[in-house]
Amino acid sequence: MKYCKKCVLPESHESIVFDEDGVCNICKQSEVKHERIDWNERRKTLDNIVSFYRDKGQYDCIVPYSGGKDSVYQLWFIIKELGLKPLVVRYNHWGYRPIVEKNNNKVFKKLGVDVLEFRSSWKVVKMLMLASLQNTGDFCWHCHTGVFAHTMQIAVIHDIPLVIWGESSSEYRSYRTAEEVEEFDESIFNQAVNLGINADKMFELLKGEVSRRDLETFEFPSKEELQRVGVRAIYLGNYIKWHTKKNVETIKRELNWEGIQVEGIPPEYDYEKIECRWQGVRDYCKYIKRGHGRTNHLVCIDIRNGELDREVGLRMVEKYDGKRPTSLDGFLRTFDITEDEFENMLLDTAVINWGFDRKDIKTGEELPDMKLWDTVV
Ligand SMILES: [Zn+2]
């Protein structure tokens, strides 16, 4: 496989293009972020935007929140730096690890916020996860569409016109450039969130197994509804320079937020995607389909930030990416499928055949909290 000469992204990465020197478009975008954007100017713009919404109703804005590093930083920043009163909206995807709830208690108490949480029926979610895996090779449809659609629905229902998301999508993918100040809308939802499957399409795929009204949570509100409230959904990452490691330092220091080991990545990245117990399996899915995992993604960020030597990064990728996660056993049990069926669903939806072979795969280590995970299927 061909790799970017600057970071270590392979040609199988989503939306990648190489220039004549073999450098990828995501590295190029990162240069824009570091060199060409006037972040002081952007911050002023942000202050102007939020001043329009402050003190107009019960809440100034909605903060979508999982309890992972990004949403915790987002919430901290919105309260401490912008002085807003948010409604924290949480779409519970059923995958939270025990540490997430422990962290949330600390975060919510220290920041003093109102929290609204919603969970879809597990029976529905289970069918959605399997259908999503079968049709796209990614079982997270309910989570992504749930988080984004449900949050926008709450903005309409509670008449809260400002929604503040975290990072902008240009950070890791290249559908838009870092210079464009994008705002979240239905076109981004369809392009980057719902894996090309809206609620109607999902209803068709499930062939009557789930009723149409059970899918309403996953529907983007209509233009009329959004216009009535005047909903505007911005990304904080477009107005402040997003630096994951510094953000993590802040939430560890200010909120006593704790990290934990995640499957398939080096222990020093104990902050990355700790919020979901299916993360190890999800990263393994990506590895089966594309030949790279989450360690690759993490070292690329550090290389682009000038914090990691490319050769060291490559060795980390070799050591950690592509291990069969121990949690896969529980996953297969939950969905009552065999490992062959699981792999075939992924290989059938893969866009590139890079030569995955289970014989070459080693098993990863068990996580410290795995014994506490929910095992009800
Ligand atoms: Zn690159």
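Here's a quick rundown of the structure.

## Examining the nonpolar core
In terms of nonpolar packing, the biggest core is built from 58 residues, with Cys24, Leu46, Leu75 and Val107 touching the most fellow members. Sort the elements by how many residues they give to this core and helix H3 (residues 69-81) lands first, with seven residues. Per-domain counts for this core show at least three residues from each of domain 1 (37-238) and domain 2 (261-372). By size, the runner-up hydrophobic cluster in this structure holds 35 residues, among which are Met202, Cys285, Phe342 and Ile361.

## Brief notes about helix H6 (residues 141-157)
For H6, with 17 residues, the first-to-last C-alpha span of 23 Å sits near the 24 Å given by 1.5 Å per residue. Along H6, 14 of the 17 residues are buried, which leaves the element largely enclosed by surrounding structure. Downstream of H6 by one or two residues, Asp159 has phi in the positive range, about 60 degrees.

## So, the pairing of strand E2 (residues 86-92)
The element E2 is extensively covered by neighbouring structure, given that seven of its seven residues are classed as buried. Neither face of E2 is exposed, since Pro86, Val88, Arg90 and Asn92 on one face and Leu87, Val89 and Tyr91 on the opposite face are all buried. As for the winding sense of the linkage, the β-α-β connection from strand E1 (residues 61-64) through H3 to E2 is right-handed. As defined by bridge partners, E2 adjoins strand E3 (residues 114-119) across six bridges and the pair is classed as parallel. Its bridge partner being in E3, Tyr91 is matched across the sheet by Phe118. This β-α-β element, E2 to helix H4 (residues 98-111) to E3, shows right-handed connectivity.

## Quick notes on the packing of helix H5 (residues 122-136) against helix H15 (residues 339-349)
Running from amino to carboxyl end, H5 crosses H15 at an angle of 50 degrees, the nearest separation of the two axes being 6 Å. Taken together, H5 and H15 sit at an angle that is classed as oblique. Two secondary-structure elements touch here, H5 through Leu130, Leu133, Gln134, Asn135 and Thr136 and H15 through Phe342, Met345, Leu346 and Thr349. In terms of residue class, the contact of H5 with H15 is made up of five nonpolar, four polar and no charged.

## Observations concerning the packing of aromatic side chains
Applying the stated criterion to the full structure yields 22 aromatic pairs. Considering the side-chain rings of Tyr73 and Phe77, the 6.1 Å spacing of their centres and the 40 degrees angle between planes classify their relative orientation as tilted. Residue Tyr73 and its partner Phe77 are located together in helix H3, separated by four residues, close to a single helical turn. There is no split in this pair, since Tyr73 and Phe77 are both buried. Centre to centre, the rings of Trp141 and Phe218 are 5.3 Å apart; their planes meet at 40 degrees, and the pair counts as tilted. Of the two residues, Trp141 sits in helix H6 while Phe218 sits in the loop between helix H8 (199-205) and helix H9 (223-229), which places them 77 residues apart along the sequence. Residue Phe218 is classed as buried on the basis of its relative accessible area, which comes to 1%. Grouping aromatic residues by their ring pairs yields a cluster made of Phe148, Trp165, Phe184, Phe189 and Phe220. Here Lys56 stacks its cationic end above the ring of Phe52, 4.7 Å away from the centre of that ring. Seen from the ring of Trp94, Arg119 lies directly overhead, with NZ or CZ sitting 4.3 Å from the centre.

## Topic: the coordination of the zinc ion
Protein-derived coordination of the zinc ion comes from Cys4 (SG), Cys7 (SG), Cys24 (SG) and Cys27 (SG), at a distance range of 2.3 Å. Around the zinc ion sit four donor atoms, and with donor-metal-donor angles ranging over 102 to 114 degrees the site reads as tetrahedral. Each donor residue of the zinc ion lies on the same chain, and together they follow the pattern C-x2-C-x16-C-x2-C. A residue pair is termed long-range when its members are at least 10 positions apart, and Cys4 in the segment before helix H1 (25-36) and Cys27 in helix H1 qualify at 23 residues. Take Cys4 and Cys27: they sit in the same class, and that class is buried.

## Here we look at the side chain of Lys106
Within the secondary structure, Lys106 sits in helix H4. Lys106 gets classed as buried once you look at its relative accessible area, which sits at 17%. At a separation of 2.6 Å, a polar atom in the side chain of Lys106 contacts the side chain of Glu258. Excluding residues that lie within four positions of it along the chain, Lys106 makes contacts with Leu255, Asn256 and Glu258.

About the thresholds
Residues numbered from 1 in each chain as written. Predicted model: local features only at pLDDT ≥ 70, side-chain atom pairs only at ≥ 80, totals over all residues. Heavy atoms only, no water. Core = buried A, V, L, I, M, F, W, Y, C linked by side-chain atoms within 4.5 Å. Buried < 20%, exposed > 50% of the residue type's maximum accessible area, 1.4 Å probe, protein only. Helix = DSSP H or I, 4+ residues; strand = E, 2+ residues; numbered from the N terminus. Domains from an automatic or database assignment. Expected span 1.5 Å × (residues − 1). Right-handed = clockwise from strand over helix to strand, strands pointing away. Pairing = 2+ DSSP bridges. Axes fitted to C-alpha atoms, helices over the stretch in contact; angles between N-to-C directions. Parallel < 35°, antiparallel > 145°, perpendicular 65-115°, else oblique. Contact = heavy atoms within 4.5 Å. Nonpolar A, V, L, I, M, F, W, Y, C, P; charged D, E, K, R; others polar. Phe/Tyr/Trp six-rings, centres within 6.5 Å; stacked < 30°, edge-to-face > 60°. Lys NZ or Arg CZ within 6 Å of the ring centre and 35° of its normal. Donors = N, O, S within 2.8 Å, 3.2 Å for Na, K, Ca; no water. Tetrahedral: all angles 85-135°; square planar, octahedral: opposite > 155°, others 65-115°. Polar contact = N/O pair within 3.5 Å; in protein donor to acceptor, adjacent residues only side chain to side chain.

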